[in-house]
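The primary structure of each chain is shown beneath.
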Amino acid sequence: VQLVESGGGLVEPGGSLRLSCVGSGRMFRVNYMGWYRQAPGKQRELVAEIINGGATRYANSVMGRFTISRDTASDTVTLQMNSLKSEDTGVYYCKAQQRPFGFSVWGQGTQVTVSS
C-alpha cells in the first residue's frame, strides 16, 4: 500500500482547506485510516481517524471544525478543515493500517500553514 497526500497550503485564520489522501495497492485490506499532524518541535499527534464501518474519532482540539471521510471506491480519505487556527499549523500525514496485527503505512506529508 502507498499513500499520497495533497491539498496543503497557506491559509488565513478562519479559512478552510481540504486534504486528500489517495491510496494504491492492497487497499481492500485497510480497515483503519487516520490523519496525524506534527508541529515544529512537537510530537506527531492524532487529528482524526476513521475505522471500517464509518466510526470516527477526533482530537478535542479539532472537534466541530474538522471532518474525516473515506471513499472506498476511489481509495481516498479526506480531511475537511474549517475555521482554521494558527495552532493547526504543521505537517499533516495520512496513515493506513490493517488492524490489529497487519501493516501500517504513512504518506509523505503535506504542509499546512495558518497565518495572516
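**Brief notes about the overall build of the chain**
Part 1 of the reasoning: A tally of regular secondary structure across the chain gives 0 helices and 11 strands.
Part 2 of the reasoning: Dimensions of the chain along its principal axes, counting C-alpha atoms only, are 40 × 25 × 25 Å.
Part 3 of the reasoning: Sequence separation of at least 24 residues holds for 54% of the intrachain contacts in the chain that already meet a minimum separation of 6.
Part 4 of the reasoning: When the accessible surface of the chain is totalled, it reaches about 6100 Å², and 48% of it is carbon and sulfur.
Part 5 of the reasoning: Mean positive and mean negative side-chain charge positions of the chain (12 and 8 charges, respectively) differ by 7 Å.

**A short note on unusual backbone geometry**
Part 1 of the reasoning: Look at the link from Arg-99 to Pro-100: it is a cis peptide, with omega at 10°.
Part 2 of the reasoning: Examined against the element boundaries, Pro-100 turns out to sit in the loop between strand E9 (90–97) and strand E10 (104–106).
Part 3 of the reasoning: Even without being a glycine, Asp-75 presents a positive backbone phi close to 55°.
Part 4 of the reasoning: With respect to the element layout, Asp-75 can be found in the loop between strand E7 (66–71) and strand E8 (76–81).
Part 5 of the reasoning: For Asp-75, a relative accessible area of 23% corresponds to the partly exposed category.
Part 6 of the reasoning: Backbone geometry at Ser-83 places phi at a positive 50°, although glycine is not the residue there.

**Focus on the sheet that holds strand E1 (residues 2–6)**
Part 1 of the reasoning: The strand order across the open sheet built from 4 strands is E1-E3-E8-E7, with neighbouring strands paired in antiparallel fashion. Lying at the two open borders of the sheet, with one neighbouring strand each, are E1 and E7. On average, each strand axis in the sheet is tilted by 15° relative to the strand beside it, whichever way the strands run.
Part 2 of the reasoning: As defined by bridge partners, E1 adjoins strand E3 (residues 17–24) across 5 bridges and the pair is classed as antiparallel. Bridge assignment links Leu-3 to a residue of E3, and that residue is Gly-23.

**Quick word on the nonpolar core**
Part 1 of the reasoning: Ranked by internal contacts, the top residues of the largest apolar core, which has 27 residues, are Met-33, Trp-35, Leu-79, Met-81 and Tyr-92.
Part 2 of the reasoning: Those elements that place two or more of their residues in this core are E3, strand E4 (32–38), strand E5 (45–51), E7, E8, E9 and strand E11 (110–114).

**Focus: the pattern of salt bridges**
Part 1 of the reasoning: Applying the stated rule across the entire model yields 4 salt bridges.
Part 2 of the reasoning: Its salt-bridge partner being Arg-37, residue Glu-45 comes within 2.8 Å of it at the nearest N-O pair.
Part 3 of the reasoning: Linked through salt bridges whose partners overlap, the residues forming this network are Arg-37, Glu-45, Arg-65 and Asp-88.

**As for the pairing of E4**
Part 1 of the reasoning: Burial of E4 is extensive: 6 of the 7 residues sit out of reach of the surface.
Part 2 of the reasoning: Pairing geometry for E4 and E5, over 6 bridges, is antiparallel. The residue bridging Met-33 from the neighbouring strand is Ile-50, located in E5.
Part 3 of the reasoning: Taken together, E4 and the strand that follows it, E5, pair antiparallel across an intervening segment of 6 residues, in which Gly-41 is found at a positive phi of about 75°.
Part 4 of the reasoning: Where E4 meets E9, 7 bridges bridge the pair, whose relative direction is antiparallel. Within E9, the position partnered with Met-33 by the bridge is Ala-96.

Rules used throughout
- Residues numbered from 1 in each chain as written.
- Predicted model: local features only at pLDDT ≥ 70, side-chain atom pairs only at ≥ 80, totals over all residues.
- Heavy atoms only, no water.
- Helix = DSSP H or I, 4+ residues; strand = E, 2+ residues; numbered from the N terminus.
- Contact = heavy atoms within 4.5 Å.
- Areas by Shrake-Rupley, 256 points an atom, 1.4 Å probe, with all protein chains shown as cover.
- Lys, Arg positive; Asp, Glu negative; His and termini not counted.
- Charge placed at Lys NZ, Arg CZ, Asp CG, Glu CD.
- Buried < 20%, exposed > 50% of the residue type's maximum accessible area, 1.4 Å probe, protein only.
- Pairing = 2+ DSSP bridges.
- Axes fitted to C-alpha atoms, helices over the stretch in contact; angles between N-to-C directions.
- Core = buried A, V, L, I, M, F, W, Y, C linked by side-chain atoms within 4.5 Å.
- Salt bridge = Lys/Arg side-chain N within 4 Å of Asp/Glu carboxyl O.

On their own, these measurements won't tell you what the molecule is for.
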